[in-house]
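Read off the chains here:
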Amino acid sequence: MDKRRRAIIRLYLDEATLVWNGNVVTGLDALNNFFETLPSSEFQVNMLDCQPVHEQAAQSQNTVLVVTSGTVKFDGNRQHYFNQNFLLTAQAAPNSTVWKIASDCFRFQDWANS
């Protein structure tokens, strides 16, 4: 996706929120600007899990929690461990259902130096 970062925002709802290591980014324009400023990257996803979210917790919206973890390198720098959680919601589209990211939380999980 590094060469097609503009396409990433198509995966998000218009009012989606990304929390990147504690920094909040909301809305498609802000998300696009944020993704464009990231250095080139290499991601390795080591774990992926999906669970449905109960309708009471998701305001009767079909929602799935996606949890991932793995490693990432930015611009050839040292490798970082990460966790990333997405909330995907079903959106009605003509003749189909489209799943979009409503919330995205990315966090480095590196050990602190002793």
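Reference entry: report on the structure contained in this document. (Residues numbered from 1 in each chain as written. Predicted model: local features only at pLDDT ≥ 70, side-chain atom pairs only at ≥ 80, totals over all residues. Heavy atoms only, no water.)

1. Section: the overall build of the protein chain
Test applied: Runs of E in the DSSP output that reach at least two residues are strands. Runs of H or I that reach at least four are helices, and both are numbered from the N terminus. Only protein chains enter the accessibility calculation, which uses a 1.4 Å probe; a residue whose area is less than 20% of its type maximum is buried, one above 50% is exposed, and one in between is partly exposed. What makes two residues a contact is simply this: any of their non-hydrogen atoms within 4.5 Å. To be clear on the numbers: accessible area is Shrake-Rupley with a 1.4 Å probe, and residue cover counts the displayed protein chains and nothing else. Here the positive residues are Lys and Arg and the negative ones are Asp and Glu; neither His nor the chain ends is included. Note that the charge is assigned to NZ on lysines, CZ on arginines, CG on aspartates and CD on glutamates.
Along the protein chain, the regular secondary structure elements total two helices and six strands. In terms of overall dimensions, the protein chain has C-alpha extents of about 50 × 30 × 20 Å along its principal axes. The burial tally for the protein chain puts 31% of its 114 residues in the buried class. In the protein chain, once contacts between residues fewer than 6 apart in sequence are set aside, the share between residues at least 24 apart is 47%. Element-wise, carbon and sulfur atoms account for 49% of the exposed surface of the protein chain, whose accessible area totals about 7800 Å². Where the 9 positive side-chain charges of the protein chain centre and where its 11 negative ones centre are 7 Å apart.

2. Side note on unusual backbone geometry
You will see that Asn 21, though not glycine, has its phi angle at about 50°, which is positive. Summarising the element assignment, Asn 21 is placed in the loop between β1 (12-20) and β2 (23-26). Judged by relative accessible area, which is 22%, Asn 21 ranks as partly exposed. Look at Asn 95: it is not a glycine, yet its phi comes out positive at around 70°. In this structure, Asn 95 sits in the loop between β5 (80-93) and β6 (96-108).

3. Details of the pairing of β1
Spelled out, the test is: Two strands pair if DSSP finds at least two bridges between them.
Across five bridges, the pairing between β1 and β6 is parallel. Across the sheet, the residue bridging to Thr 17 is Ser 103, located in β6. Bridging between β1 and β2 involves four bridges; their strand directions are antiparallel. Across the sheet, Trp 20 pairs through a bridge with Asn 23, a residue of β2. A loop of two residues connects β1 with β2, the two strands running antiparallel in sequence, and Asn 21 in this loop sits at a positive phi of about 50°.

4. What about the side chain of Thr 89?
Heads up, the rule is: Any N or O atom pair separated by 3.5 Å or less is treated as a polar contact, with the protein-specific requirement of one donor-capable and one acceptor-capable atom, and with residues adjacent in sequence counted only for side-chain atom pairs.
As for its placement among the helices and strands, Thr 89 is situated in strand β5. Within the local environment of Thr 89, its side chain forms a polar contact with the side chain of Gln 91, the two groups lying 2.9 Å apart. Once residues lying within four places of it in the same chain are set aside, the contact partners of Thr 89 are Leu 13, Gln 61, Asn 62, Thr 63, Val 98, Trp 99, Lys 100 and Ala 102.

5. Quick notes on the side chain of Gln 84
Relative to the assigned elements, Gln 84 resides in strand β5. Reaching out from Gln 84, the side chain makes a polar contact with the side chain of Asp 104 at a distance of 2.9 Å. The contacts of Gln 84, once residues within four sequence positions are left out, are Val 66, Val 67, Thr 68, Asp 104, Cys 105 and Phe 106.

6. Points about the pairing of β6
With twelve bridges joining them, β5 and β6 adopt antiparallel strand pairing. Within the sheet, the bridge partner assigned to Phe 82 lies in β6 and is Phe 108. Here β5 folds back onto β6, and the loop between the two strands holds two residues, one of which, Asn 95, carries a positive phi near 70°.

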